[in-house]
Amino acid sequence: MSYSIFCVGHPLIDMQVREAEDLLTKYKLKANDAILADVEREPIYEELARERQVVFVAGGAAQNTARGAAYILPPNSVVFAGCVGDDDLAEQLRDANRREGVLDVYQVKQGQKTGACAVLISSGHNRSLVTTRRVSNDLDEEHFWSPTVAPLINSAKVIYMEGYMLTHRADISIRLAKRVSSAGKISVLNLSAPYIPRLYNAQIQEIAPYCDIIVSNEAEAEAWAVSNGHPEPTNMSVVAKAIALLPKANTIPPRIVVVTQGALSTTVVSADDFAPKIYPVQPLREEEIVDTNAAGDAFAGGFLAAYVLEKNLDICIETGHRLAAMCIGQEGPRYKWPKVQV
Ligand code: ADP
Ligand code: MG
Ligand code: MG
């Protein structure tokens, strides 16, 4: 098997800190959310570097998913594309990808800074993400169709996109999804953060017809439902079904919608029968939880790996849950090395 999964997103370095309650108050952040740093919050990165014990780890939602899928799949299975600067942060990301079996095909912009994400861990297994995109926003469409990257897209079975891609030059992602879905590939979208369906609902509606699999957590699914005026936005079975019912350009394969809910069960609706299926999550003991940063990304990685191995839906979900549990047991968006069987 050769490079079956092609992931696209914002390559970010995570700057992770624990016991961040005071920072949540100071920067007016929710305990469990994902936002972009505005002017008021921009000083957080300097503050973290200056005053806190920061763990720097490879992050970025789709890149975490890529490393997760690579954990399970044979070598040379997963590619990740995004835009970085020519700095030390980009080198750290490359190191992690090399170590963990992901081929990165970065577009590099000279003199620019690689993006970063402040990950504030607080009690109750909450994580608040504050991102500064920097050059990761500047991925050019030409990069996809360059001589190095185009063959990787053309030979992939699955294309995985972060919902974050829809906030900036959404047309690029929409065209990519359209192109790969009409080429018979499986196109997968993660809604990524509640603000995506809240603020970029129109872009989601536009890309959805070209998405075969849509993954989200409960907060993102609820935000989508609210944006679209659904009467029961907190009923995940109803919301997942509504997403499955969105128009689709092709009828095969029927769309699969997956909604994870942290420690609670995962809801899945497939457009072949629209019957919601509920998959319980194996509870983790308190001492097994290090942090929940990137749990959902790891879930998506496990799910996709099993999917390209042509496992059935039950196994895909189970593999997602197992990889998420592994990620939760490591500090930051990491998996267990040396490798263990998932
Ligand atoms: P996101 O990170 O996108 O918010 P979730 O929080 O829904 O995604 O987590 C994804 C998966 O990670 C869940 O389906 C579950 O398998 C696992 N998970 C997350 N939080 C916990 C937890 N506190 N205990 C056990 N499993 C968890
Ligand atoms: Mg969550
Ligand atoms: Mg997520």
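This text follows the structure it describes.
Rules and cut-offs
- Residues numbered from 1 in each chain as written.
- Chains lettered and ligands numbered in written order.
- Predicted model: local features only at pLDDT ≥ 70, side-chain atom pairs only at ≥ 80, totals over all residues.
- Heavy atoms only, no water.
- Axes fitted to C-alpha atoms, helices over the stretch in contact; angles between N-to-C directions.
- Helix = DSSP H or I, 4+ residues; strand = E, 2+ residues; numbered from the N terminus.
- Parallel < 35°, antiparallel > 145°, perpendicular 65-115°, else oblique.
- Left-handed = near helix turned anticlockwise from the far one by under 90°.
- Contact = heavy atoms within 4.5 Å.
- Nonpolar A, V, L, I, M, F, W, Y, C, P; charged D, E, K, R; others polar.
- Buried < 20%, exposed > 50% of the residue type's maximum accessible area, 1.4 Å probe, protein only.
- Pairing = 2+ DSSP bridges.
- Expected span 1.5 Å × (residues − 1).
- 1 Å grid on protein atoms, 1.4 Å probe; cavity = no way out; pocket = protein on both sides within 12 Å on 5 of 7 lines; lining within 4 Å.
- Points joined across faces, edges and corners; volume = space filled by probe spheres on them.
- Polar contact = N/O pair within 3.5 Å; in protein donor to acceptor, adjacent residues only side chain to side chain.
- Salt bridge = Lys/Arg side-chain N within 4 Å of Asp/Glu carboxyl O.
- Near = heavy atom within 4 Å.
- Areas by Shrake-Rupley, 256 points an atom, 1.4 Å probe, with all protein chains shown as cover.
- Disulfide = S-S within 2.5 Å.

(A) Broad picture of the packing of helix α3 (residues 61-72) against helix α12 (residues 295-308). Contact geometry of α3 with α12 gives a least axis separation of 7 Å together with a crossing angle of 45 degrees. Relative to α12, α3 is oriented oblique. Classified by chirality, the crossing of α12 by α3 is right-handed. Taking contact as the criterion, the partners of Ala61, Asn64, Thr65, Gly68, Ala69 and Ile72 in α3 are, on α12, Asp297, Ala300, Gly301, Gly302, Leu304 and Ala305. The residue inventory of the contact of α3 with α12, partitioned by class, reads six nonpolar, five polar and one charged.

(B) Examining unusual backbone geometry more closely. Put simply, isoleucine 252 and proline 253 share a cis peptide bond, and its omega is -5 degrees. Its location among the elements puts proline 253 in the loop between α11 (236-244) and β12 (256-261). Positive phi, close to 50 degrees, is recorded for arginine 134, a residue that is not glycine. Mapped onto the elements of the fold, arginine 134 is located in the loop between β8 (126-132) and α5 (141-144). Even without glycine at this site, phenylalanine 274 takes up a positive phi of about 60 degrees. Turning to its location among the elements, phenylalanine 274 is positioned in the loop between β13 (264-270) and β14 (277-279). Given a relative accessible area of 25%, phenylalanine 274 falls into the partly exposed group.

(C) Expanded view of the sheet that holds strand β2 (residues 12-17). With mixed pairing, five strands are arranged side by side in an open sheet as β3-β8-β7-β2-β4. With partners counted over all chains shown, the strands left at the sheet margins are β3 (33-36) and β4 (55-59), one partner each. If you compare each strand with its neighbour and ignore which way they point, the axes differ by 25 degrees on average. As defined by bridge partners, β3 adjoins β8 across four bridges and the pair is classed as parallel. Directly across from aspartate 33, in β8, lies its bridge partner serine 128. Contacts from helix α2 (residues 44-51) reach β2, β7 (115-122) and β8, with the element oriented near 65 degrees to β7.

(D) Structural context of helix α4 (residues 88-99). An ideal rise of 1.5 Å per residue puts 16 Å on 12 residues; α4 measures up with 17 Å between its terminal C-alpha atoms. Backbone geometry just after α4 places glycine 101 at a positive phi near 80 degrees.

(E) Representation of empty space enclosed by the protein within the structure. Under the definition given, this model contains one cavity of 30 Å³ or more. Of the pockets and cavities examined, the largest cavity occupies roughly 90 Å³. Lining the largest cavity we find His10, Ser136, Asn137, Leu139, Tyr164, Met165, Thr167, His168, Arg169 and Ile172. For the lining of the largest cavity, the per-class residue count stands at four nonpolar, five polar and one charged.

(F) Here's a closer look at the environment of threonine 167. As for its position among the elements, threonine 167 is in the loop between β9 (158-162) and α7 (170-182). Spatially, the C-alpha atoms of threonine 167 and lysine 113 are 19 Å apart, while their sequence positions differ by 54 residues. Excluding residues that lie within four positions of it along the chain, threonine 167 makes contacts with Arg133, Tyr195, Ile196 and Tyr200. Engagement of the side chain of threonine 167 in a polar contact is seen with the backbone oxygen of tyrosine 164, the distance being 3.0 Å.

(G) Region of the structure containing the pattern of salt bridges. Applying the stated rule across the entire model yields 20 salt bridges. In this structure, aspartate 291 engages arginine 18 in a salt bridge whose closest nitrogen and oxygen atoms are separated by 3.7 Å. Residue aspartate 291 is found in the loop between β14 and α12, and its partner arginine 18 is found in the loop between β2 and α1 (21-26); the two are separated by 273 residues along the sequence. With relative accessibility at 2%, the residue aspartate 291 sits in the buried group. Assessed through its relative accessible area of 36%, arginine 18 is described here as partly exposed. A salt bridge links arginine 285 to glutamate 287; its shortest N-O distance comes to 3.0 Å. Salt bridges linked by common partners bring Glu141, Arg169, Asp171 and Arg175 together as one network.

(H) Region of the structure containing the site of ligand 1. Taken together, 14 residues are adjacent to ligand 1, and Asn217, Thr260, Gly262, Gly296 and Ala324 come closest. Glycine 296 is positioned with one of its backbone polar atoms (N or O) 2.9 Å from an oxygen atom of ligand 1. Burial of ligand 1 by the protein amounts to 87% of the accessible area it has alone, namely 550 Å². Elements with a contribution of two residues or more to the shell around ligand 1: β12, α12 and α13 (313-328). Within the shell around ligand 1, the residues separate by chemical class into six nonpolar, seven polar and one charged.

(I) Layout of α12. Given a rise of 1.5 Å per residue, 14 residues ought to cover 20 Å, and the 20 Å separating the end C-alpha atoms of α12 matches this to within 8%. Most of α12 is tucked away: 12 of the 14 residues are buried. For α12, every residue scored as buried is listed here: Ala295, Asp297, Ala298, Phe299, Ala300, Gly301, Gly302, Phe303, Leu304, Ala305, Ala306 and Val308.

(J) Main features of the state of the cysteines. Going through the model one piece at a time under the given rule, you end up with zero disulfides. Counting only cysteine sulfurs, cysteine 327 is the nearest neighbor of cysteine 117, a cysteine outside any disulfide, at a range of 13 Å. Given a relative accessible area of 5%, cysteine 117 falls into the buried group.

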